[in-house]
Amino acid sequence: MAFRWTNDLTRDDVTPEPVWLNRRHILAGMAGLGLGAIAGPGLAQGDLEPNGWDEITSFNNFYEFGTGKGDPAENAHLMTTSPWSITIDGLVDRPGDYGFEQIMEQMSVEERIYRFRCVEAWSMVIPWNGFELADLLALAGVQDGATHVAFETLLRPSEMPGVSRPVIEWPYVEGLRLDEAMHPLTIMATGIYDKPIPNQNGAPIRLVVPWKYGYKSIKSIVRITLTDSEPPTAWNKYAPNEYGFYSNVNPDRPHPRWSQASEKRVGAGLLARRQPTLMFNGYEDEVAAMYDGMDLIKFH
Ligand SMILES: Nc1nc2c(c(=O)[nH]1)N[C@H]1C(S)=C(S)[C@@H](COP(=O)(O)O)O[C@H]1N2
Ligand SMILES: [Mo]
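In this report, we go over the structure that sits alongside the text. (Residues numbered from 1 in each chain as written. Chains lettered and ligands numbered in written order. Predicted model: local features only at pLDDT ≥ 70, side-chain atom pairs only at ≥ 80, totals over all residues. Heavy atoms only, no water.)

### A look at the pairing of strand E10 (residues 221–227)
Summarising burial for E10: 6 of the 7 residues are buried, a large majority. Two strands pair when backbone bridges link them, and strand E1 (residues 85–90) and E10 are joined in this way by 4 bridges, in the parallel orientation. Bridge pairing in E10 places isoleucine 88 opposite isoleucine 224. In terms of strand pairing, strand E5 (residues 148–153) meets E10 through 6 bridges, oriented antiparallel. Each residue of the ladder has a partner; that of alanine 150, found in E10, is threonine 225. (Buried < 20%, exposed > 50% of the residue type's maximum accessible area, 1.4 Å probe, protein only. Helix = DSSP H or I, 4+ residues; strand = E, 2+ residues; numbered from the N terminus. Pairing = 2+ DSSP bridges.)

### Regarding the nonpolar core
Residues Trp128, Leu133, Leu136, Met188 and Ile224 are the most contacted members of the largest nonpolar core, which totals 77 residues. Element by element, the count of residues in this core is highest for helix H6 (residues 133–140), at 6 residues. Setting aside anything within four residues of it in sequence, one finds methionine 188 in contact with Ile86, Asn129, Gly130, Phe131, Leu133, Leu136, Ile205, Arg206, Leu207, Ile221 and Ile224. (Core = buried A, V, L, I, M, F, W, Y, C linked by side-chain atoms within 4.5 Å. Contact = heavy atoms within 4.5 Å.)

### A closer look at H6
The buried fraction of H6 is high, at 8 of 8 residues. One or two positions beyond H6, positive phi appears at glycine 141, with a value near 75°.

### Things to note about the site of ligand 1
Close to ligand 1 lie 16 residues, the nearest being Asn60, Tyr63, Glu64, Thr153 and Lys219. A distance of 3.0 Å separates an oxygen atom of ligand 1 from a polar atom in the side chain of asparagine 201. Between ligand 1 and arginine 206 there is a distance of 3.1 Å, counted from an oxygen atom to a side-chain nitrogen or oxygen. Notes on ligand 1: free accessible area 530 Å², of which the protein chains cover 98%. (Near = heavy atom within 4 Å. Polar contact = N/O pair within 3.5 Å; in protein donor to acceptor, adjacent residues only side chain to side chain. Areas by Shrake-Rupley, 256 points an atom, 1.4 Å probe, with all protein chains shown as cover.)

### Comments concerning the sheet that holds E5
As summarised here, the arrangement of the 5 strands in space is E2-E1-E10-E5-E6, forming an open sheet in which the pairing is mixed. The outermost strands of the open sheet, each flanked by one partner alone, are strand E2 (96–99) and strand E6 (173–177). With strand direction ignored, the average angle separating the axes of adjacent strands in the sheet is 20°. The strands that H6 touches are E1, E2, E5, E6 and E10; relative to E10, the one it contacts most, it runs at about 70°. (Axes fitted to C-alpha atoms, helices over the stretch in contact; angles between N-to-C directions.)

### Brief notes about unusual backbone geometry
Look at the link from tryptophan 170 to proline 171: it is a cis peptide, with omega at 0°. Its location among the elements puts proline 171 in the loop between E5 and E6. Cis geometry is adopted by the peptide bond preceding proline 204, which originates at alanine 203 and carries an omega value of -10°. Position of proline 204 relative to the elements: it lies in the loop between strand E8 (195–196) and strand E9 (206–208). Even without being a glycine, phenylalanine 280 presents a positive backbone phi close to 50°. Structurally, phenylalanine 280 can be placed in the loop between strand E12 (275–276) and helix H9 (284–287).

### Quick notes on the environment of tryptophan 84
Structurally, tryptophan 84 is set in the loop between helix H4 (71–75) and E1. For tryptophan 84, a relative accessible area of 7% translates into the label buried. Separated by 136 residues in sequence, tryptophan 84 and serine 220 place their C-alpha atoms 9.5 Å apart. Excluding residues that lie within four positions of it along the chain, tryptophan 84 makes contacts with Gly99, Phe100, Leu154, Ala203, Pro204, Ile205, Ser220, Ile221 and Val222.

### Things to note about the packing of aromatic side chains
Here the structure, examined in full by the defined rule, presents 13 aromatic pairs. Aromatic pair tyrosine 114 and tyrosine 283: ring centres 6.0 Å apart, planes at 75°, arrangement edge-to-face. Of this pair, tyrosine 114 sits in strand E3 (residues 110–117) while tyrosine 283 sits in the loop between E12 and H9, placing them 169 residues apart in sequence. Across this residue pair, the class does not change: tyrosine 114 and tyrosine 283 are buried. Ring geometry for tyrosine 246 and phenylalanine 299: centres 6.4 Å apart, planes at 85°, overall edge-to-face. One end of the pair, tyrosine 246, is in the loop between helix H8 (234–238) and strand E11 (262–265); the other, phenylalanine 299, is in the segment after H9, with 53 residues separating them in the sequence. (Phe/Tyr/Trp six-rings, centres within 6.5 Å; stacked < 30°, edge-to-face > 60°.)

### Describing the pairing of E11
A regular strand places its side chains so that they alternate between the two faces of the sheet. Only one face of E11 is buried: it carries Glu263 and Arg265, and the other face, with Ser262 and Lys264, is open. Inspection of the sheet shows strand E4 (residues 122–132) paired to E11 by 2 bridges, in the parallel sense. Of the residues in E11, the one forming a bridge with tryptophan 122 is lysine 264. Note that E11 and E12 share 2 bridges and pair antiparallel. Pairing of serine 262 across the sheet is with proline 276, part of E12.

### Structural notes on the pattern of salt bridges
With the rule as written, the count across this model stands at 11 salt bridges. With a closest N to O distance of 2.8 Å, lysine 212 and glutamate 180 form a salt bridge. On the criterion of sequence distance, the pair formed by lysine 212 in the loop between E9 and E10 and glutamate 180 in helix H7 (residues 178–182) is long-range, its members being 32 residues apart. Residue classification places lysine 212 among the buried positions, given a relative accessible area of 1%. Overall, the relative accessible area of 0% leaves glutamate 180 in the buried class. Several salt bridges share partner residues, and in doing so they unite Glu110, Arg112 and Glu132 into one network. (Salt bridge = Lys/Arg side-chain N within 4 Å of Asp/Glu carboxyl O.)

Next up, the structure:
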C-alpha cells in the first residue's frame, strides 16, 4: 500500500500540488458546494446544508465536562488551551512535542463540510476547518513497522469537572488503523465556520473521521502514538459488545440497545422525519475499499 509517510518535511513535498487541488475539487463535489450535479447518490444538496453555529456548539458530547449534552458548553471554558502541544511518539523518525503554533505554521488549513453521525442516532453537518492527519504524521515521519495510530485527550482534573467520576477510564483514548489514519477524508480539525474550534468541540485540535460514529473523533488531543498493534479505545474498554474498534457507520449493525437504521438531524424540528442511515455515513465510494473482504458485523 502506497502511504505518504516518506520523510519529507513540508506538505508541498508530501503532496504534489496537482494532487492536492484535485482532491480539493473532489471533496468540494462531495460537499455539494455549488456542485450538486456531481454529488454522489445519497448526498443530496439539502442533506449537506450545515447546522447552525449554536446547534454545533451547544449540543455536545465531551464527558470530561459532564455527561449532559449541555454540560460541555457550560463547563469547557475551564480548560486552558494555550500553550498546547501534541506529543508524537512511538514508531516515528522524529518523536517529540509539536507545539500547536508550530504545527499550524506548516499546515494548510481548508474547509471540509462533513456529515457527522453519532452512535446515539442523531446527526449534524459541520463545516470544519482543518488539515489532513496524513500531513501531520508526515512531519513526524512514520516508520515502516507502524500499523496503527493511537490518540489521547488531555487529562487535567483541575479544569475538567467530569473526570472526578469514573464514567469511562480517563484519559479518553482512541485509535485508527494506519490506512484509515492516512485516508484523505481523515482530518485534524482546528476550526468551525472559520473560527477557532470552541472548547466544547475539542479545542484547539481534534480528530474528525466522517465515515465513523462520532465517538471516534477524539477531542483536545495531546498525544499521538504510532504503534504496531491495535490500540485500546475508551468506549470499547467500557462496553466491548456495544462499541467495536472500527465503529464504521453501518445501518445493518444495530447497537445492541437500539437501531442504527435511521437518524435524526439535529435542529430539523420535532416533526421532521428520521432519515435512513447511509453505509459509511455516505462516504462508501471513498472508503469501502479499505474493508474489502472484512465481515463488518464481526468487526464492528
Ligand atoms: N475527549 C473526548 N472526545 C470525544 C468525546 C468525549 O467525551 N471526550 N465524545 C465523543 C462523542 S460520543 C461524540 S458524538 C463527539 C461529539 O463531537 P461534538 O460535540 O463536536 O459534536 O465527540 C467525541 N469525542
Ligand atoms: Mo457520540
